[in-house]
Amino acid sequence: MSLQSYKHRIRPGAPGAPILFAFHGTGGDENQFFDFSARLMPQATIVSPRGDVSEGGALRFFRRKAEGVYDMDDLAIRRDALAAFVAAHRDEAKAGAVYGLGYSNGANILAAMMLENGALFDGAVLMHPLIPWAPAANAALKDRDIVITAGRRDPICPPAETQALADYFSAQGAAVKLDWHEGGHDIRPNEVEAAQAFASRLGVSA
């Protein structure tokens, strides 16, 4: 997989420093979380790819048939392509730990990569993810550091699905922190704080 296979922004980090991949939500692009990610992990290499699927002009990382109904064949193809892109940048940067941050559709493709290849990411912040299937057990997720943020009134990501995903990761032996707010699909200050606490806990914050 070429390093240029996805249009993306990149900020090289210090040698041996972590690498953080930022994945935008539907309708976003490679700029949506780039600056936030750079502030979150100042020494890290930051890579923010642009989704290569257009849904009525809104960029996404994989196709869907309806709200909450994924095109699973397309998801598998694009999940594997993006995972190869991640691995290529990791190797090119000679990075230490590999982290991911994603919101909505970006959280979904990030989670899908982790469910398929538990060793690809050392940790992740998943903001408003929706995984509407029962993932297979994956022992490689053991000890991964995972933060999930969500809204209790999210019309797109039902709270029961969010809790099920958190429970799944916990059952695999991952260290999971689930942070709720009382709103919907919007990102609120507590979610930013949860991401900052994640970086601080890892020792990679400012």
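Keep in mind that this is a model prediction, so the values were computed, not measured.

Caption draft 1: How the structure looks around helix H2 (residues 72-93). Taking 1.5 Å as the rise per residue, H2 with 22 residues should run 32 Å; its terminal C-alpha atoms sit 31 Å apart, in good agreement. Here H2 has its buried residues at Asp74, Leu75, Arg78, Arg79, Leu82, Ala83, Phe85, Val86, Ala87, Ala88 and His89. The positive-phi residue at the C-terminal boundary of H2 is Lys94, with phi of around 50°.

Caption draft 2: A look at the sheet that holds strand S3 (residues 45-49). One open sheet accounts for seven strands, arranged S1-S3-S2-S8-S9-S10-S11; its pairing is mixed. In this open sheet, the two strands that pair with only one neighbour each are strand S1 (8-11) and strand S11 (175-181). Direction aside, the axes of adjacent strands within the sheet are offset by 10° on average. With five bridges connecting them, strand S9 (residues 123-127) and strand S10 (residues 145-151) associate as parallel partners. Within the sheet, the bridge partner assigned to Leu126 lies in S10 and is Ile148. Of the strands in this sheet, strand S8 (98-103), S9, S10 and S11 touch helix H5 (residues 189-202), which is tilted by about 175° from S10.

Caption draft 3: View of the packing of H2 against helix H3 (residues 105-116). Packing of H2 against H3 leaves a shortest axis separation of 9 Å and a crossing angle of 85°. Taken as axis vectors, H2 and H3 run roughly perpendicular relative to one another. Facing Leu75, Arg78, Arg79, Asp80, Leu82, Ala83 and Val86 of H2, the residues of H3 in contact are Ile109, Ala112, Met113 and Glu116. Looking at the contact of H2 with H3 residue by residue, the classes come out as seven nonpolar, no polar and four charged.

Caption draft 4: View of H3. Here H3 spans 17 Å end to end across twelve residues, near enough to the 16 Å set by a 1.5 Å rise per residue. Burial runs high along H3: eleven of the twelve residues are buried.

Caption draft 5: How the structure looks around the packing of aromatic side chains. What the rule picks out here adds up to nine aromatic pairs. Between Phe23 and Phe61 the ring centres are 5.8 Å apart and the planes differ by 80°, which places this aromatic pair in the edge-to-face class. Here the residue Phe23 occupies a position in strand S2 (residues 19-23), and Phe61 occupies one in the loop between strand S5 (58-60) and strand S6 (64-66), the gap between them amounting to 38 residues. For the residue pair Phe23 and Phe61, the accessibility class agrees, reading buried in each case. Centre to centre, the rings of Tyr70 and Trp133 are 6.5 Å apart; their planes meet at 75°, and the pair counts as edge-to-face. Residue Tyr70 is located in strand S7 (residues 69-70), and its partner Trp133 is located in the loop between S9 and S10; the two are separated by 63 residues in the primary sequence. Under the relative-accessibility criterion, Trp133 is labelled partly exposed at 28%. Among the aromatic residues, those joined into a cluster by ring pairs are Phe21, Phe23, Phe61 and Phe121.

Caption draft 6: Geometry of the nonpolar core. Membership of the largest hydrophobic core comes to 38 residues, with the highest contact counts inside it found for Phe23, Met113, Phe121, Leu126 and Phe169. Put simply, the parts of the chain that give this core at least two residues each are S2, H2, H3, S9, S10 and helix H4 (159-171). Per-element accounting of this core gives the leading share, eight residues, to H3. Not counting chain neighbours up to four residues away, the residues in contact with Met113 comprise Phe23, Arg79, Leu82, Ala83, Val86, Leu120 and Phe121.

Caption draft 7: View of the side chain of Glu191. By the element assignment, Glu191 lies in helix H5. Polar side-chain contacts of Glu191 include one of 3.0 Å to the side chain of His181. When sequence neighbours within four positions are dropped, the list of residues in contact with Glu191 reads Met127, His128, Thr149, Ala150, His181 and Asp186.

Each value, and the rule that gives it
- Residues numbered from 1 in each chain as written.
- Predicted model: local features only at pLDDT ≥ 70, side-chain atom pairs only at ≥ 80, totals over all residues.
- Heavy atoms only, no water.
- Helix = DSSP H or I, 4+ residues; strand = E, 2+ residues; numbered from the N terminus.
- Expected span 1.5 Å × (residues − 1).
- Buried < 20%, exposed > 50% of the residue type's maximum accessible area, 1.4 Å probe, protein only.
- Pairing = 2+ DSSP bridges.
- Axes fitted to C-alpha atoms, helices over the stretch in contact; angles between N-to-C directions.
- Contact = heavy atoms within 4.5 Å.
- Parallel < 35°, antiparallel > 145°, perpendicular 65-115°, else oblique.
- Nonpolar A, V, L, I, M, F, W, Y, C, P; charged D, E, K, R; others polar.
- Phe/Tyr/Trp six-rings, centres within 6.5 Å; stacked < 30°, edge-to-face > 60°.
- Core = buried A, V, L, I, M, F, W, Y, C linked by side-chain atoms within 4.5 Å.
- Polar contact = N/O pair within 3.5 Å; in protein donor to acceptor, adjacent residues only side chain to side chain.

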